[in-house]
Amino acid sequence: MKAAKGTVFKYGDNVDTDVIIPARYLNTTDHSELAKHCMEDIDKDFTSKVKAGDIIVADKNFGCGSSREHAPIAIKASGVSCVIAKSFARIFYRNSINIGLPIIECEEAADNIKAGDVVSIDFDTGLITDETSGKTFTGQAFPPFMQKIIDSEGLINYINSKE
Amino acid sequence: MSRMTMTQKILAAHAGLSEVKAGQLIEADLDLVLGNDITSPVAIKEMEKFTKEGVFNKDKIALVPDHFVPNKDIKSAENCKCVREFAKRNSITNYFEVGKMGIEHALLPESGLTLPGDLIIGADSHTCTYGALGAFSTGIGSTDMAAGMATGKAWFKVPSAIKFNIVGKPSKWVSGKDVILHIIGMIGVDGALYKSMEFVGEGIRNLSMDDRFTIANMAIEAGGKNGIFPVDDIALTYINEHAKGKKYTVYEADPDAEYDEEYTIDLSKLTPTVAFPHLPENTHTFDDIDDIKIDQVVIGSCTNGRIDDLRIAAEVLTDHHIAEGMRCIVIPATQKIYMQAMEEGLLKTFIEAGAIVSTPTCGPCLGGYMGVLASGERCVSTTNRNFVGRMGAIDSEIYLASPAVAAASAVTGKISQPSELGL
């Protein structure tokens with residue numbers, strides 16, 4: 001994915017994997033089933049309001065807690081095109097890259113973008129544009145190695161391509 | 001002259017490099033790849049996408065169905081079946097069926113599968129537990145698990161480290177749980193984000209192996225990549241008991257290794273510590289805890305379901321009965337611990353006190369089963385997370401504490417420390 005555009009859902013610090021996808025739904029690995037319960041313990045309206053392309057913006061330590069890959073899978077399967085946060089918990093960060101969910105660290109964007117704003121992102125340049133306010137921000141670029149995994153649309157494809 | 005931390009030395013050795021620096025991206029060889037009944041099915045599905053078939057080494061993969069096992073419902077049963085069949089198809093040596101199964105992070109060290117100097121990844125965030133034995137071990141997700149099972153390798157960004165210099169001796173009812181809750185309260189749930197937490201100092205000799213497992217286990221609750229202890233005679237005694245004859249390498253940090261931050265923790269100054277809802281960093285000590293009535297107590301999990309934990313809980317519960325209306329659920333973490341607790345008479349103490357004793361399972365810790373909370377209910381739990389809805393209803397509350405505090409609270413019906421029972 002080279003660009004994204006959508007409406008923003010805004011959250012605070014330490015959004016943990018238990019609220020992204022509660023463990024009571026971890027008895028399934030079905031992506032669309034997981035998406036039906038995404039964020040329900042922190043935002044019960046999320047699943048009814050989210051549209052393909054929408055963007056999550058949060059403060060620090062997004063995705064803390066469990067290693068469940070079901071969390072980025074649920075977000076991606078809900079149609080979310082990118083998560084922007086001040087910082088990400090490391091396992092969530094790794095899992096997102098490995099499954100091809102675009103994520104960007106950008107403190108300024110998280111401070112300034114408001115819920116409901118329309119935001120567009122150019123993944124090649126890291127440029128984040130808040131089209132509602134007109135402000136622009138630059139997200140942190142990925143190291144080249146991670147960019148290759150992202151360009152391959154996930155770790156498994158990347159490994160296959162090396163062999 | 002290198003200036004590497006203990007973690008960096010293990011990573012360098014597994015990447016075939018003489019030196020690594022914080023921030024460097026490396027590819028390293030794996031000694032063990034772990035998964036459970038929740039994360040493995042996702043990894044097994046990912047494995048099918050590989051052009052190359054099979055696993056890299058059938059002896060270096062551990063599959064431990066423990067979260068929703070014994071199967072809590074049909075969907076969980078199907079997940080376990082998927083893991084069981086994968087293990088059989090690939091002749092996985094270390095697959096643990098019900099009866100042999102225990103909570104993974106108690107079971108693997110006990111089975112001699114986690115050794116000093118090893119590089120271990122596990123599709124479970126509490127994989128960091130094995131740092132207690134001087135291994136580099138860290139939690140990853142299912143896709144990394146799949147790649148690890150297929151190739152025997154994983155990529156890492158070499159972490160910088162925070163040094164915790166442990167001094168002094170803890171008082172009677174202070175244990176590893178209080179140490180790590182104190183640290184998380186001090187640095188916050190992202191205080192060690194992306195970093196190693198290295199626990200050193202003369203005070204560690206006053207921490208039992210089980211205390212160390214508890215401390216390393218919760219490094220992830222401070223955002224840490226891993227938690228690690230030097231390998232001393234206490235660790236070697238454990239290794240000799242559980243992994244006799246196996247080969248391993250002991251790594252030490254360089255004397256002038258670089259650390260981002262250093263803290264001194266005086267064990268003698270710590271008091272029983274409780275993390276209030278809904279973050280592990282929200283810690284309180286008993287000088288600022290009012291009467292908080294509770295409905296349930298859970299004593300168990302990969303954090304605190306080991307024999308020391310059960311001994312402490314039983315010591316508090318001896319000659320006491322849990323409060324009227326209280327539910328107290330005790331979960332020995334492995335079959336071996338269960339048996340040991342039986343032989344030592346601990347199970348009798350629990351049952352006579354009005355508690356129940358369960359077969360090993362992660363169950364209630366993540367709100368799976370065996371102790372899910374209704375709306376408005378409060379639980380004192382020896383587990384590791386007190387996030388919103390973690391153990392059940394989204395308006396239920398979890399207070400994280402040591403086995404001593406959990407047992408005392410079960411008796412009084414409110415958050416209490418053993419001294420309130422005259423102990």
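Residues numbered from 1 in each chain as written. Chains lettered and ligands numbered in written order. Predicted model: local features only at pLDDT ≥ 70, side-chain atom pairs only at ≥ 80, totals over all residues. Heavy atoms only, no water.

S.K.: So what's going on with the overall build of chain B? Which residues, and what values?
M.R.: Scanning chain B from N- to C-terminus turns up 13 helices and 18 strands. Scaling as 2.2 N^0.38, a compact globule of 423 residues should have a C-alpha radius of gyration of about 22 Å, and chain B matches this with 21 Å. A principal-axis box enclosing the C-alpha atoms of chain B has dimensions of 60 × 50 × 40 Å. Looking at chain B as a whole, 65% of its 423 residues are labelled buried. (Helix = DSSP H or I, 4+ residues; strand = E, 2+ residues; numbered from the N terminus. Rg over C-alpha atoms; globule rule 2.2 N^0.38 Å. Buried < 20%, exposed > 50% of the residue type's maximum accessible area, 1.4 Å probe, protein only.)

S.K.: Outline the pairing of strand 2 (residues 55–58) of chain A, supporting the account with residue identities and numerical values.
M.R.: Residues and elements named next belong to chain A. Neither face of strand 2 is open: one carries Ile55 and Val57, the other Ile56 and Ala58, and all of them are buried. One ladder, built from three bridges, connects strand 1 (residues 3–10) with strand 2; its direction is parallel. Bridged to Val8 within strand 2 is Ile55. In this sheet, strand 3 (residues 82–85) lies alongside strand 2 in parallel orientation, the contact comprising four bridges. Its bridge partner being in strand 3, Ile56 is matched across the sheet by Val83. Crossover handedness for the path strand 2 to helix 4 (residues 70–77) to strand 3: right-handed. (Pairing = 2+ DSSP bridges. Right-handed = clockwise from strand over helix to strand, strands pointing away.)

S.K.: Can you lay out the state of the cysteines for me, pointing to particular residues and giving the numbers?
M.R.: Residue and element names in this part refer to chain B. In the structure shown here, the tally under the stated rule is zero disulfides over all chains. For Cys302, which is in no disulfide, the shortest distance to another cysteine sulfur is to Cys365 and amounts to 6.3 Å. Here Cys302 falls in the buried class, since its relative accessible area comes to 9%. There is no disulfide at Cys379, and the cysteine sulfur nearest it, in Cys328, is 9.2 Å away. (Disulfide = S-S within 2.5 Å.)

S.K.: Provide a residue-level description of the sheet that holds strand 11 (residues 261–266) of chain B, including the pertinent values.
M.R.: Where strands meet in a sheet, backbone hydrogen bonds hold them as pairs that are either parallel or antiparallel. Residues and elements named next belong to chain B. Pairing is parallel in the open sheet, where four strands are placed in the order 10-9-8-11. Strands at the two margins of the open sheet, each flanked by one partner only, are strand 10 (226–228) and strand 11. The mean inter-strand angle of the sheet, taken between neighbouring strand axes irrespective of direction, is 20°. Pairing analysis gives three bridges linking strand 9 (residues 196–200) to strand 10, with the strands arranged parallel. What sits directly across from Glu198, in strand 10, is Ile228. Where helix 1 (residues 6–14) meets the sheet, its contacts fall on strand 9 and strand 10, and the angle it forms with strand 10 comes to roughly 110°. (Axes fitted to C-alpha atoms, helices over the stretch in contact; angles between N-to-C directions. Contact = heavy atoms within 4.5 Å.)

S.K.: Tell me what's going on with the interface of chain B and chain A, and back it up with residues and numbers.
M.R.: Contacts between chain B and chain A engage 51 residues on the former and 42 residues on the latter. Taken together, the two surfaces of chain B and chain A that pack against each other cover about 3900 Å², and 57% of this comes from carbon and sulfur. Looking only at chain B, the three residues that lose the most surface to chain A are B:Thr143, B:Trp155 and B:Tyr194, adding up to 18% of its buried area. Along the contact surface separating chain B from chain A lie four salt bridges. Here A:Lys60 makes a salt bridge to B:Asp190, at a shortest N to O gap of 3.3 Å. Summed over the shared surface of chain B and chain A, the number is 21 residue pairs in polar contact (both at pLDDT 80 or more). (Buried area = accessible area lost by both parts, 1.4 Å probe. Salt bridge = Lys/Arg side-chain N within 4 Å of Asp/Glu carboxyl O. Polar contact = N/O pair within 3.5 Å; in protein donor to acceptor, adjacent residues only side chain to side chain.)

S.K.: Any details on the pattern of salt bridges? Residues and values, ideally.
M.R.: Overall, the coordinates contain 34 salt bridges over all chains when judged by the stated rule. Ionic pairing is found between A:Arg68 and A:Asp18, a salt bridge with its closest N-O pair at 3.3 Å. Separated by 50 residues along the polypeptide, A:Arg68 in the loop between strand 2 and helix 4 and A:Asp18 in helix 1 (residues 17–20) bring together distant segments of the chain. Just as A:Arg68 is buried, A:Asp18 falls in that class too. A:Arg24 is paired through a salt bridge with A:Glu40; the nearest N and O atoms lie 3.1 Å apart. Note that A:Arg24 is positioned in the loop between helix 1 and helix 2 (31–35) and A:Glu40 in the loop between helix 2 and helix 3 (46–49), a separation of 16 residues in sequence. A single salt-bridge network, built from bridges that share partners, covers A:Asp18, A:Arg68 and B:Arg390.

S.K.: Residues and numbers for unusual backbone geometry, please.
M.R.: Residues and elements named next belong to chain B. With an omega dihedral of -5°, the bond running from Val69 to Pro70 counts as a cis peptide bond. If you trace the backbone, Pro70 turns up in the loop between strand 3 (61–64) and helix 3 (74–89). Following Pro277, the chain continues into His278 via a peptide bond in cis, with omega recorded as 0°. Position of His278 among the secondary structure elements: in the loop between strand 12 (273–275) and strand 13 (283–285). Positive phi, close to 65°, is recorded for Tyr194, a residue that is not glycine. Positive phi, normally seen in glycine, also occurs at Asp319, with a value near 65°. Looking at the secondary structure, you find Asp319 in the loop between helix 10 (307–317) and strand 15 (327–330). Under the relative-accessibility criterion, Asp319 is labelled exposed at 79%.

S.K.: Describe the nonpolar core, naming the residues involved and giving the relevant values.
M.R.: Counting 174 residues, the largest nonpolar core has A:Phe62, A:Ile75, B:Phe156, B:Met197 and B:Phe350 as the members making the most contacts within it. It is helix 13 (residues 403–412) of chain B that contributes the most residues to this core, seven residues altogether. Those residues in contact with B:Phe350 that lie beyond four places of it in its chain are B:Leu310, B:Ala313, B:Ala314, B:Leu317, B:Val330, B:Ala355 and B:Val357. (Core = buried A, V, L, I, M, F, W, Y, C linked by side-chain atoms within 4.5 Å.)

S.K.: Lay out the side chain of B:Asn384 in plain terms, naming residues and giving numbers.
M.R.: Residues and elements named next belong to chain B. Inspection of the secondary structure puts Asn384 in the loop between strand 17 (378–381) and strand 18 (397–400). Judged by relative accessible area, which is 1%, Asn384 ranks as buried. Once you skip the residues sitting within four places of it in the chain, Asn384 turns out to touch His126, Asn217, Met218, Glu221, Pro280, Cys302, Thr303, Cys365, Arg390 and Leu400.

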